Protein chains: 2
Amino acid sequence: MRHLFARTALPPNVARRPGHRRVRTYAAAGVDRRRTSRALAALLANVGYRAPATSGRPVSLPGHYAGLIRIGRETIAVTTDTVGTKSILAETLGRWEEIGVDAVAVNVNDLASVGARPAGLVDVISCRRADPDVFEQIGRGIYRGLRESRCSLLGGETAIVPELVQGVDVGGTAIGFFPEGRRPVTGARIRRTDVLLGIPSTGLHANGLTLARRIVGASKRRLRARRPGSSRSVGEELLTASRIYVAASEALADQSGTTGFAHISGGGVRNLLRLHPGVQFVLDRWPRPFGLFQWLADTGGVSLEELYQTFNMGIGFVVAVRPSFEAEALRRLWRAGYPDTLVVGHVAPGEGVTMPHFDLTYRSYS
Amino acid sequence: MRHLFARTALPPNVARRPGHRRVRTYAAAGVDRRRTSRALAALLANVGYRAPATSGRPVSLPGHYAGLIRIGRETIAVTTDTVGTKSILAETLGRWEEIGVDAVAVNVNDLASVGARPAGLVDVISCRRADPDVFEQIGRGIYRGLRESRCSLLGGETAIVPELVQGVDVGGTAIGFFPEGRRPVTGARIRRTDVLLGIPSTGLHANGLTLARRIVGASKRRLRARRPGSSRSVGEELLTASRIYVAASEALADQSGTTGFAHISGGGVRNLLRLHPGVQFVLDRWPRPFGLFQWLADTGGVSLEELYQTFNMGIGFVVAVRPSFEAEALRRLWRAGYPDTLVVGHVAPGEGVTMPHFDLTYRSYS
């Protein structure tokens, strides 16, 4: 749960659906959401110190993907996130490179969401014990993620804390900037006629893994099996490294026709609510459940409402553009390495995120 | 263990000392230091991507307290660290405000060590469950730390991950900058005649807690007892929040007579080795073991060598200055809130950190 940015990382309850056995709520799994909300509120009630201007001037962007601060003549964006429980899956499968990529991706994709160019990352690995093979794979993954994001490694911290951590907790913090007069892309300029483009994900990325693991079960055997229609095991599908959207943001952030970016991370389509409060995001062309997502829904008895607010459901990054810029934006995304970009919806008068073909509406982000 | 900055967070083995019962090695406690070193090497062999100059230019400062990157017209310093196992002590005692202060202090004191002014912090809390009272206290502590550092909170991440974390793991990442033409203070200008000033700590700060907890034992009863000569319980003494040295760095970083800063964190006096390779740091006036430190040494049967490379031994921050600047530096530190600053040693020809009155020499940082 990202505070200040007001983002929840908690998988929502899995709704009961008749005819399915595997029905569980996250509350039953030991996490009390109301207590968690109260705890977050207690933290936030006390924590928010704002320094005098001689220490830099924070740029107010509540609820957004990154914190911004004006330092001298530059605006710096900062974001922090972890891979979360995806590392438990990596441990079960004994494959860690994807976790390294994700540690970069979860952070640089958040920078991309405000139009910041990634500059540097510090990684943090807290673990029960340091396994050379695991660390080598994580290192290789971090390198891959950094190279794709054109982001330098500035340092890192590895803590061997067997009394605190079971397994391996992997995260990082990234800083970015706005080159040559670029302005942050915040969604504030979104209008009720804008078009929403969606760039496909490579799977679940690093969100919804707790729910997915509960649905699949933790056994290696089940993770090594294939679902109908897939050439890879379910475990491999779940572990697939996140797609990185930095090049998409870079291709569009300087264009006046671009009005918003949203990284579809924890919270699913509700992430769009972070961009602009006074409009309706109509997702009438977002993909229906398919492939792994459909299989998880069927196997776990997950309602559509839960599905679209837990998983990215096939789209990892959304771009809001002016209608007149749509064709040029798609061309630029094609050239930047995203030829598979789709139109997923549009902005309209009203409020919330709606999926009319499912009769679904989401009104709040967290 | 901070990689790239090449810093170890592992408590070193506790050497056997005749006549004491409580003798343990960290290896025996489940951490294999050789394996950990191999793992770190494996991570570092793969991880170090450096982006093209259009993404900012990292400033080479290997082994130092912070990563530096030139972004546009500013140089940004980044550091990341956690409170580590001190949170286990907090849990036992049910007191969390100090942990919040420490989450800020471990980071801003590292920024202070390169002369960077703290600008913003993001905090990361990973925990088994979110307790409103715990979060409120941590929030209050973070606020205190930020206010004293004049550093804004830019965001944070709270992950409720009962499958990954036992208790509460608290850390953060801080960014800083160099106002109005200030140059980073790296130690590179240190000369063989410089004087070493030491600013007292408020106790163990957030380092050496694993060893201290093993010495004291985990029982509440032992933590609630007092050692001879103290008005507070051992638990309270151990939990005391870190002192923050930002104002010391700010008072001296712009002065040409200031040549180096060292935050005495994990690694104890060996931290001085991070400043300059070709000189000897002679700590002939560093305090002898006293108070809590002496009591831990006696109770745990800890050798002097281990003591001074595990705990800060009463000095939390060291400043190297030109001899001609010593009096003015002490005056400035007095005015900045550090009237208790001592001369702890001097720089001399040679190598390593030496404590002549104990016949001790440390030759490597990690």
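S.K.: I'm lost on unusual backbone geometry in this one. Help?
M.R.: For residues that are not glycine, phi is negative in most cases, and the peptide bond is trans in most cases. Here Met-313 of chain A, not a glycine, exhibits a phi torsion of approximately 55 degrees, which is positive. Its place among the elements puts Met-313 of chain A in the loop between helix H10 (304–310) and strand E10 (315–321). Phi angles above zero are rare outside glycine, and Asp-359 of chain B is one such case at about 60 degrees. We classify Asp-359 of chain B as exposed; it has 9 C-beta atoms within 10 Å.

S.K.: I'm lost on the domain arrangement of chain A in this one. Help?
M.R.: Often, the extent of an interface is quoted as the loss of accessible area on bringing the components together. Residue and element names in this part refer to chain A. Here the domain parsing of chain A yields domain 1 (63–181) and domain 2 (195–362). Look at where the C-alpha atoms of domain 1 and domain 2 centre, and you get two points 21 Å apart. Taken residue by residue, the interface counts 30 residues in domain 1 and 25 residues in domain 2. Among the elements of the structure, helix H2 (86–93), helix H3 (97–112), strand E4 (117–127) and helix H4 (132–149) are those that each provide at least two residues to the side of domain 1 that touches domain 2.

S.K.: Is there a simple way to explain the relation of the copies chain A and chain B in this structure?
M.R.: Between the two copies of the chain lies a relationship made up of a rotation around an axis and a movement along it. Between chain A and chain B, the superposition needs a rotation of 180 degrees and an axial shift of 0.0 Å, giving an RMSD of 0.0 Å. On the angle and the small slide along the axis, the relation comes out as a two-fold axis. Residues of chain A ranked by C-alpha distance from the rotation axis are headed by Val-165 of chain A, positioned 2.2 Å from it. A symmetric contact is evident, with 100% of the interface residues of chain A recurring at the interface of chain B.

S.K.: Is there a simple way to explain the interface of chain A and chain B in this structure?
M.R.: Tallying the contact residues gives 87 residues for chain A and 87 residues for chain B. When contributions to the side of chain A that touches chain B are tallied by element, the ones reaching two or more residues are helix H1 (33–47), strand E2 (67–71), strand E3 (74–82), H2, E4, H4, strand E5 (152–160) and strand E6 (168–177) of chain A. Top contributing element to the side of chain A that touches chain B by residue count: H1 of chain A, with 11 residues. Among the residues forming the side of chain A that touches chain B, the class breakdown is 44 nonpolar, 26 polar and 17 charged.

S.K.: Help me understand the packing of helix H2 (residues 86–93) of chain B against helix H3 (residues 97–112) of chain B, please; the structure alone is not making it clear to me.
M.R.: All names here are of chain B. For the pair H2 and H3, interaxial distance at closest approach is 9 Å and the crossing angle is 165 degrees. Taken as axis vectors, H2 and H3 run roughly antiparallel relative to one another. Here H2 runs over H3; the crossing is left-handed. Between H2, through Lys-86, Ser-87 and Ala-90, and H3, the contact on the second element is made entirely by Glu-98, Ile-99 and Asp-102. Its residues assigned to classes, the contact of H2 with H3 comprises two nonpolar, one polar and three charged.

Reading the values: rules and limits
- Residues numbered from 1 in each chain as written.
- Chains lettered and ligands numbered in written order.
- Predicted model: local features only at pLDDT ≥ 70, side-chain atom pairs only at ≥ 80, totals over all residues.
- Helix = DSSP H or I, 4+ residues; strand = E, 2+ residues; numbered from the N terminus.
- Buried ≥ 20, exposed ≤ 12 C-beta atoms within 10 Å, placed from the backbone.
- Domains from an automatic or database assignment.
- Contact = placed C-beta atoms within 7 Å.
- Least-squares fit on C-alpha atoms with pLDDT ≥ 70 in both.
- Nonpolar A, V, L, I, M, F, W, Y, C, P; charged D, E, K, R; others polar.
- Axes fitted to C-alpha atoms, helices over the stretch in contact; angles between N-to-C directions.
- Parallel < 35°, antiparallel > 145°, perpendicular 65-115°, else oblique.
- Left-handed = near helix turned anticlockwise from the far one by under 90°.

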